[in-house]
Amino acid sequence: MEIDPGPIDEVLATTRAVRRRLDLDRPVEREVLEDCLRLAQQAPTAAYREDWHFVVATDATTRAALGELWRKSARAYLARRPHAAAGALLPGTRPLVRSVAHLVRHIGEAPVHVIPCIEGRTDGKPAPAQASRWGTIAPAAWSFMLAARARGLGSVWTTFHLRYEREAAELLGIPYDDVMQAALIPVAYTVGKDFRPARRKPLDTMAHWERW
Ligand SMILES: Cc1cc2nc3c(=O)[nH]c(=O)nc-3n(C[C@H](O)[C@H](O)[C@H](O)COP(=O)(O)O)c2cc1C
């Protein structure tokens, strides 16, 4: 089958961090999430071992509790940003900080929280072990986010709650000693569908042909 790169390129270029345009009132169908998760399963594995897991939280009480953990950490992040520290967002606050501040208020209301996990803790392990674990879960989770975007869903990769990973594990019944959480991805239909590619540096600042 010939693949038309057009729509694929569009999804790759416009799957952005969505916080302010998450539709908090529209539920997300389980079948749609399952389709995205099936596509995530097509991501590469390190050695045929499918040791990834996705915890999908839709229960309002669970999301509220996860949101509390996320918020605690996000507030510490905002407190380090002078414009946001006062609680009010002053003129000049960077769009990223505004966007985070919005999600701080609404994280628990995002209709779905997806927590990608990987078997095997790497705390204190050498780089190759780290690379194998994170390199297995990150592509799968990103595939999930791309598939979600293709279905009108927005998401954002977040790591704030990992400061309280143990508490989140307890909440979700994740066996903390054997399984690492990689992120908390709020998912919702987007308000509007137009998303633009990010502005990035010229390619030659990051592409190194033959040698660095
Ligand atoms: C590894 C990683 C961790 C992130 N952690 C958080 C987070 O904890 N909270 C959050 O709101 N966004 C988080 N983000 C989203 C970035 O802040 C977001 O991508 C940012 O808006 C930069 O925009 P860009 O994706 O267009 O480059 C994370 C993104 C990545 C890749």
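So, a few notes on the structure that sits alongside this text.

Definitions and limits used
Residues numbered from 1 in each chain as written. Predicted model: local features only at pLDDT ≥ 70, side-chain atom pairs only at ≥ 80, totals over all residues. Heavy atoms only, no water. 1 Å grid on protein atoms, 1.4 Å probe; cavity = no way out; pocket = protein on both sides within 12 Å on 5 of 7 lines; lining within 4 Å. Points joined across faces, edges and corners; volume = space filled by probe spheres on them. Nonpolar A, V, L, I, M, F, W, Y, C, P; charged D, E, K, R; others polar. Near = heavy atom within 4 Å. Polar contact = N/O pair within 3.5 Å; in protein donor to acceptor, adjacent residues only side chain to side chain. Areas by Shrake-Rupley, 256 points an atom, 1.4 Å probe, with all protein chains shown as cover.

1. Points about the layout of surface pockets
- Taken as a whole, the largest pocket encloses approximately 640 Å³ of empty space.
- Lining the largest pocket we find 16 residues, and of these Arg16, Ala17, Arg19, Arg196 and Ala198 sit closest to its centre.
- Of the residues in the lining of the largest pocket, the class split is seven nonpolar, one polar and eight charged.

2. So, the site of the ligand
- Arg16, Ala17, Arg19, Trp70, Leu96, Val100, Val156, Trp157, Thr158, Thr159, Phe160 and Arg200 make up every residue found near the ligand.
- Within the contact set of the ligand, an oxygen atom lies 3.2 Å away from a side-chain nitrogen or oxygen of arginine 16.
- The side chain of arginine 19 places a nitrogen or oxygen atom 2.9 Å from a nitrogen atom of the ligand.
- The fraction of the free accessible surface of the ligand (620 Å²) that becomes covered by protein chains is 60%.
- Tallied by class, the residues present in the shell around the ligand amount to seven nonpolar, two polar and three charged.

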